[in-house]
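Commentary on secondary and tertiary structure
Spelled out, the chains give:
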Amino acid sequence: MSVSTVAADQSVCAPLPVLGRDVTVPLVTGGEVTYAALDYAASAPALQRVWDDVAAYAPYYGSVHRGAGYLSQLSTDLFENARRTVAEFLDCRADDQVVFTRSTTDSLNLLAAALPDGCQVFVFETEHHASLLPWRDARVTYLDAPRSHREAVETLERALADREPHGPALVCVTGASNVTGELWPVRELAAAAHAHGARIVLDAAQLAPHHPVSVADLDVDWVVFSGHKLYAPFGSGVLAGRSDWLREAEPYLAGGGASRKVSRRTDGGVDVEWHESAARHEAGSPNVIGAYSIASACTALTEAGFDTLVAREQYLIEKVRAGLAEVPEVRVLSLFGDDAPRVGVISFVVDGWNSSHFAAALSAEYGIGVRDGLFCAHPLVRTLLGSDPQTQGECGSPEAAPGEKSLNAIRVSFGAGTPDEHVERFVRAVRELVTDGAKWNYRTEDGRCVPDTSA
């Protein structure tokens, strides 16, 4: 679909209502402006629909799986119905489990704790730290950043073919990069993993808010994502997929809820029979509001229609990319090239600017919130920038770790709740800052560039 076609069809794909859409913020140059939240890749604003659903339930909150009272029963039903809603949203297989966690990071650490003995993990250096770091008790093979979908698949196939001994193996891969927004060939990588006797977990933290995710169609063994990127607040996440490794593993947390039966032995010890269902890894009182908010977001996105949401987002992507392309000093970061499919996540560098300085000016002078730095994907950003880690930046903190101050990456990200005006203001601001410079002086404070208000 062309940009003009999408633009002409805006009446049927307006932004979804989100919290904070009318919040105003002060400008250092004077006056106020409606805040442009363009940091969806870190945390997306909550959908108004989600907030309304949670508010309607809040008076009926009760203990889940713990009480005989009406509110406890109601909350338990809500919690378990949320599990079924998430399973439907992800198109899970009949025997898959949906485990509620705190986040994507928590989900992957849970899976890491459930790996069978001797399991070897394969992960690309391009992953977010949530996918890169949890595998501390496993043998990990880190794969170099590929420069095409085909190279990604071939790199994985070679690594899997060379593994010794031929025991259990797990591949961990993102669905969409949190740095470049580029989509990864998940279905092809899953096929390669299975062909070599390995399993695969999909980090869908950046994919699920933008595109439909089907466990069955992609043929992945597990999928993980976070509520706070899916327009749902309250610190909740999901691990969904095959039950066998989870059922055979020791509970992620030991305590009430995970245990089915606990009894004293004659020798004074304790015998425990653990649940085999998802409850095995959900010890403690569950975050029912967080789970319900995820389910509400899943329902809202499904009812809005991903075809419509994707079409509008592609329109915004092209709007931003076209605007940045008109500024010669801007270089957009990419692994797979300009034609690679992507979600609304774009990172770039600006000649002559430190990332913290540029992001501070966008915020203080234009009311635009973006992200700067390494985006919890340090190896990938360094690969994309080819940066000398000892190079000093103009606005870097002398106390910062070596290299961090020199990596001039800025990330703009958006989604279902982003109005046209926000991306238009962003493109205009980039052009004006590069052409005319900042209107204000900035200084370093605690490693960040901030407006200098001392004068």
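Placed above this text is the structure.
First, a word on scope: everything that follows refers to the structure included in this document. Worth saying up front: this structure is predicted, and the values here are computed from it rather than measured.

1. Topic: the nonpolar core
The biggest cluster of nonpolar side chains holds 84 residues, and the ones touching the most others in it are Val86, Leu90, Leu156, Leu202, Val213, Phe225 and Val238. Those residues in contact with Leu90, other than ones at most four positions away along the chain, are Val213, Ser214, Val215, Val223, Phe225, Val238 and Ala240. Counting residues in each nonpolar core, the second largest holds 34 residues, with Ala359, Ile410, Phe426 and Val427 among its members.

2. Notes on the packing of helix 11 (residues 306-325) against helix 14 (residues 420-436)
Direction vectors running N to C along helix 11 and helix 14 enclose 10 degrees, while the axes themselves pass 9 Å from each other. Relative to helix 14, the element helix 11 lies roughly parallel. As helix 11 runs across helix 14, the sense of the crossing is right-handed. Residues Arg312, Tyr315, Leu316, Lys319, Val320, Gly323 and Leu324 of helix 11 touch helix 14, and the partners they reach there are Asp420, Val423, Glu424, Phe426, Val427 and Val430.

3. Thoughts on the sheet that holds strand 8 (residues 199-203)
One open sheet holds the 7 strands; their spatial order is 4-10-9-8-7-5-6, and the pairing between them is mixed. At either end of the open sheet lies a strand with only one pairing partner, and these are strand 4 (97-101) and strand 6 (139-143). For this sheet, the mean inter-axis angle between neighbouring strands, taken without regard to orientation, is 20 degrees. Note that strand 9 (residues 222-226) and strand 10 (residues 237-241) share 5 bridges and pair antiparallel. What sits directly across from Phe225, in strand 10, is Val238. The strands that helix 3 (residues 70-89) touches are strand 4, strand 9 and strand 10; relative to strand 4, the one it contacts most, it runs at about 115 degrees. Contacts from helix 6 (residues 149-162) reach strand 5 (120-124), strand 6 and strand 7 (169-174), with the element oriented near 160 degrees to strand 5.

4. Quick look at helix 14
For helix 14, with 17 residues, the first-to-last C-alpha span of 24 Å sits near the 24 Å given by 1.5 Å per residue. When helix 14 is considered as a whole, its buried residues turn out to be Asp420, His422, Val423, Arg425, Phe426, Val427, Ala429, Val430, Leu433 and Val434. Phi turns positive one or two residues past the end of helix 14, at Gly437, with a value near 85 degrees.

5. Some details on helix 3
The end-to-end C-alpha distance of helix 3 is 28 Å, a good match for the 28 Å that 20 residues give at a rise of 1.5 Å each. The inward-facing, buried residues of helix 3 abut helix 2 (48-57), strand 4, strand 9, strand 10, helix 10 (288-304) and helix 11. Directly after helix 3, the chain includes Asp91, whose backbone phi takes a positive value near 55 degrees.

6. Side note on the pairing of strand 5
Most of strand 5 is tucked away: 5 of the 5 residues are buried. The alternating pattern of strand 5 places Gln120, Phe122 and Phe124 on one face and Val121 and Val123 on the opposite face, and all of these are buried. One ladder, built from 5 bridges, connects strand 5 with strand 6; its direction is parallel. Among the inter-strand pairings, Phe124 is bridged to a residue of strand 6, identified as Leu143. Sheet analysis places strand 5 next to strand 7, joined by 4 bridges and oriented parallel. In the sheet register, Phe122 faces strand 7, and the bridge partner there is Val171.

Calculation rules
Residue positions are given per chain, counting from 1 as you read along its sequence in written order. Since the coordinates come from a predicted model, pLDDT governs what is reported: local features require at least 70, and pairs of side-chain atoms require 80 or more to be given and counted, while whole-chain, interface and lining totals use all residues. By convention in this description, side-chain values take in all heavy atoms of the structure and omit both hydrogens and water. As used here, the term nonpolar core means buried Ala, Val, Leu, Ile, Met, Phe, Trp, Tyr and Cys residues forming a set that is joined through side-chain atoms within 4.5 Å. Each residue's exposure class comes from its accessible area (1.4 Å probe, protein chains only) as a fraction of the maximum for that residue type: buried when under 20%, exposed when over 50%, partly exposed otherwise. The contact criterion used throughout is that any non-hydrogen atoms of two residues lie within 4.5 Å. Here an axis means a line fitted to C-alpha atoms, over the contact stretch when the element is a helix, while the angle between two N-to-C directions is reported on a 0 to 180 degree scale. Counting from the N terminus, the helices are DSSP H or I runs at least four residues long and the strands are E runs at least two residues long. Comment on the angle field: the value is read as roughly parallel under 35 degrees, roughly antiparallel over 145, roughly perpendicular from 65 to 115, and oblique elsewhere. A clockwise turn of the near helix away from the far one marks a right-handed crossing, whereas an anticlockwise turn of less than a right angle marks a left-handed crossing. Strand pairing is defined by DSSP finding a minimum of two bridges between the two strands. What a helix is expected to span follows from its residue count: subtract one and scale by 1.5 Å.

So, to be careful, I would describe these as geometric facts and stop short of saying anything about function.
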